[in-house]
Amino acid sequence: MTTNRTFTMLKPDSVEKGNIGAILEKINSAGFRIVAMKLTQMSNKDARNFYSIHRERPFFDELVSYMTRGPIVAAVLEKEDAVEQFRLLIGSTDPAAAAAGTIRKLFATSISENAIHGSDTNENALIESRFHFSEEDMF
Ligand code: IDP
Ligand code: MG
């Protein structure tokens, strides 16, 4: 995996609200190429592992139950400077603080149900992509 890739999840609230198509349209329009993509549901164990960095946070149990309550869309995306460019596209963690036009501003409900995930570093993009996809599933 090159440093031009990032990892995303359209979280359960986005799938429940029927926002998959609208969010993918924003991602496409911003010039990201889809390298891998699937509809999947995380188990409790998956979510606890994926978010293990937050295990001591007060919102950890809430986060795990939110992320496991229904299907997500997991994807690997490619663009120059993908990690940083994608974080700009999704906006701040709290949609109330997110810039106009960002995916979280447009589609998120709250700081906990915030529509979409984006990796925060190149190293985590690689770890998170491999969590969901094998090398032969990445094009
Ligand atoms: P990020 O998704 O913008 O990188 P992180 O701080 O890594 O934000 O938090 C991971 C996820 O945990 C958030 O996307 C959100 O779903 C949830 N979360 C973060 N902070 C809070 C909080 O203060 N209350 C409830 N949930 C939170
Ligand atoms: Mg994060």
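Note that the structure is predicted; figures quoted are calculated from it, not measured.

1. Details of the site of ligand 1
Step number 1: The full set of residues close to ligand 1 is Lys-11, His-54, Phe-59, Leu-63, Arg-87, Thr-93, Arg-104, Ile-111, Ser-112 and Asn-114.
Step number 2: Within the side chain of Arg-104, one N or O atom sits 3.0 Å away from an oxygen atom of ligand 1.
Step number 3: Between ligand 1 and Asn-114 there is a distance of 2.8 Å, counted from an oxygen atom to a side-chain nitrogen or oxygen.
Step number 4: For the shell around ligand 1, the per-class residue count stands at three nonpolar, four polar and three charged.

2. Quick notes on the pairing of strand β1 (residues 5-10)
Residues in a regular strand point their side chains to alternate faces of the sheet.
Step number 1: Within β1, six of the six residues are buried, which leaves the element mostly enclosed by the surrounding structure.
Step number 2: Side-chain alternation along β1 places Arg-5, Phe-7 and Met-9 on one buried face and Thr-6, Thr-8 and Leu-10 on a second face that is also buried.
Step number 3: Summarising the sheet, β1 and strand β4 (residues 116-118) pair through three bridges and their orientation is antiparallel. Following the sheet pairing, Met-9 is matched in β4 by His-117.

3. Thoughts on the packing of aromatic side chains
Step number 1: Evaluated as defined, the whole model comprises four aromatic pairs.
Step number 2: With a centroid separation of 6.0 Å and an interplanar angle of 50°, the aromatic rings of Phe-7 and Phe-50 are classed as tilted. In this pair, Phe-7 is assigned in strand β1 and Phe-50 in helix α3 (residues 44-50), connecting sequence segments 43 residues apart.
Step number 3: Considering the side-chain rings of Phe-50 and Phe-131, the 5.4 Å spacing of their centres and the 80° angle between planes classify their relative orientation as edge-to-face. Of the two residues, Phe-50 is situated in helix α3 and Phe-131 in helix α7 (residues 122-132); the sequence distance between them amounts to 81 residues.
Step number 4: Each residue in the set Phe-7, Phe-50, Tyr-51 and Phe-131 is aromatic and connected to the rest through ring pairs, giving one cluster.
Step number 5: In this structure, Lys-38 is placed above the aromatic ring of Phe-133, and the distance from its NZ or CZ to the ring centre is 5.0 Å.
Step number 6: The lysine or arginine in question, Lys-79, covers the ring of Phe-32, its NZ or CZ lying 5.0 Å from the ring centre.

4. Focus on the nonpolar core
Step number 1: Ranked by size, the top nonpolar core spans 18 residues in total, and within it Phe-7, Met-9, Tyr-51, Met-67, Val-76 and Phe-133 carry the most contacts.
Step number 2: Broken down by secondary-structure element, the contributors of at least two residues to this core are β1, β2 (33-40), α3, α4 (60-68) and β3 (72-78).
Step number 3: Among the elements that make up this core, the one with the highest residue count is α4 (five residues).
Step number 4: Those residues within four positions of Tyr-51 in sequence are excluded, and the remaining contacts are Met-9, Lys-11, Phe-60, Leu-63, Met-67 and His-117.

Criteria and thresholds
- Residues numbered from 1 in each chain as written.
- Chains lettered and ligands numbered in written order.
- Predicted model: local features only at pLDDT ≥ 70, side-chain atom pairs only at ≥ 80, totals over all residues.
- Heavy atoms only, no water.
- Near = heavy atom within 4 Å.
- Polar contact = N/O pair within 3.5 Å; in protein donor to acceptor, adjacent residues only side chain to side chain.
- Nonpolar A, V, L, I, M, F, W, Y, C, P; charged D, E, K, R; others polar.
- Buried < 20%, exposed > 50% of the residue type's maximum accessible area, 1.4 Å probe, protein only.
- Helix = DSSP H or I, 4+ residues; strand = E, 2+ residues; numbered from the N terminus.
- Pairing = 2+ DSSP bridges.
- Phe/Tyr/Trp six-rings, centres within 6.5 Å; stacked < 30°, edge-to-face > 60°.
- Lys NZ or Arg CZ within 6 Å of the ring centre and 35° of its normal.
- Core = buried A, V, L, I, M, F, W, Y, C linked by side-chain atoms within 4.5 Å.
- Contact = heavy atoms within 4.5 Å.

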